[in-house]
Amino acid sequence: MSPKSLLKNRASLTHKIGYAVRNPARITPYVKRTARDTWLRLKHPDHVDYYRAVMASDTDRNPEAAVGSRSHERWLALGEMQFAYLAEHGLKPGHRMLDIGCGNLRAGWRFIAHLDTGNYYGVDISPDILISAKKTLTTYELQHKLPHLTITRDLKLDFLPAAHFDVVHAHSVFSHSPLPVIDECLAHVGRVLAPGGFFDFTFDRTEGTEHQVLREDFYYRTETLLNLARKHGLEARFMDDWEKRPHGQSKIRVNNPE
């Protein structure tokens, strides 16, 4: 991302007008989405309930688009990117992995194929996307790997065993989460991390004013999230090597102190 793009406030009226002028074909879809999201926010004041309703609506139209992929080719490419990165960072078949916001297994099916039987645990707030995840599992004939696919209401992770997971992963989760949801996750993820394990998460980065768009896309400064992790006794660092990947989000890794 260019320094200029990191300073954008996508919630500002100036940005919206400029974007509309440059992309007139997207005005009507944006207006329709704004109307839908406004109605869903009124109907579901709680953020998790609201975003679950958004996912139900998006998944009904196109499960791959619901997880942020505008084409099947992009869906495959983003999944491969996530898998390749963790494989390069030492993900082994014997590792136990928790995939927070597993979606319809865009990357998950690759993790499942790589890991030993029963070592993949995917959670999501959306029952609709998990139904799609099971279809992905069937498409790639991975039923014999016995992955866990579980719906969750929050990110307290209290239903999972302590010190169990070598790798915890959350791709495009915090980019759709207000700060209290992120804080909740960071307050509890250390309990489920195995000794030597790590938690990778992506986020939409800004070096300007932190902001949100339609209560769906949240932009945070790096230091905000690093400090939040450290508040909960976690070590945290910005992953510079992820920036070389063709992806619009940034990545932070947290560990329990040795």
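In this numbering scheme, every chain counts its residues from 1 along its sequence in written order. Owing to the predicted nature of the model, reporting of local features is limited to residues with pLDDT of at least 70; listing and counting of side-chain atom pairs is limited to 80 or more, with chain, interface and lining totals taken over all residues. Working from all heavy atoms in the structure, the side-chain values ignore hydrogens and water.

### Side note on the overall build of the chain
The numbering of helices and of strands both runs from the N terminus, where a helix is a DSSP run of H or I of at least 4 residues and a strand a run of E of at least 2. Helix and strand content of the chain: 10 helices and 9 strands. Taken over C-alpha atoms, the radius of gyration comes to 18 Å for the chain, in line with the 18 Å a tight globule of 258 residues would show. Dimensions along the principal axes, computed over C-alpha positions, put the chain at roughly 50 × 40 × 35 Å. Per-residue accessibility, obtained with a 1.4 Å probe over protein chains only, is compared with the maximum for each type, and a residue is labelled buried under 20%, exposed over 50%, and partly exposed between these values. A total of 258 residues make up the chain; the buried ones form 50% of that total. Across the chain, the fraction of contacts at a sequence separation of at least 24, relative to all contacts at a separation of at least 6, is 70%. Each accessible area is a Shrake-Rupley result for a 1.4 Å probe, and residues are judged covered by the shown protein chains and nothing else. When the accessible surface of the chain is totalled, it reaches about 12,300 Å², and 56% of it is carbon and sulfur. The sign given to each residue is positive for Lys and Arg and negative for Asp and Glu; His and the chain ends receive no count. To locate a charge, take NZ of a lysine, CZ of an arginine, CG of an aspartate or CD of a glutamate. Averaging the coordinates of the 35 positive side-chain charges in the chain and doing the same for the 31 negative ones gives two points 5 Å apart. Note that the radius of gyration is over C-alpha atoms, with the globule rule given as 2.2 Å times the number of residues to the power 0.38. The criterion used for residue contact is that any of the two residues' heavy atoms lie within 4.5 Å.

### A closer look at helix α4 (residues 47-61)
Its 15 residues give α4 an end-to-end C-alpha distance of 21 Å, which sits within 8% of 21 Å, the value for a rise of 1.5 Å per residue. Where α4 begins, the side chain of D46 points an oxygen toward the backbone nitrogen of V48, at a separation of 3.1 Å. The span expected for a helix works out to 1.5 Å for each residue beyond the first. Under this definition, polar contacts are N or O atom pairs within 3.5 Å; protein pairs additionally need one hydrogen-donor-capable and one acceptor-capable atom, and for neighbouring residues in sequence, both atoms have to be side-chain atoms.

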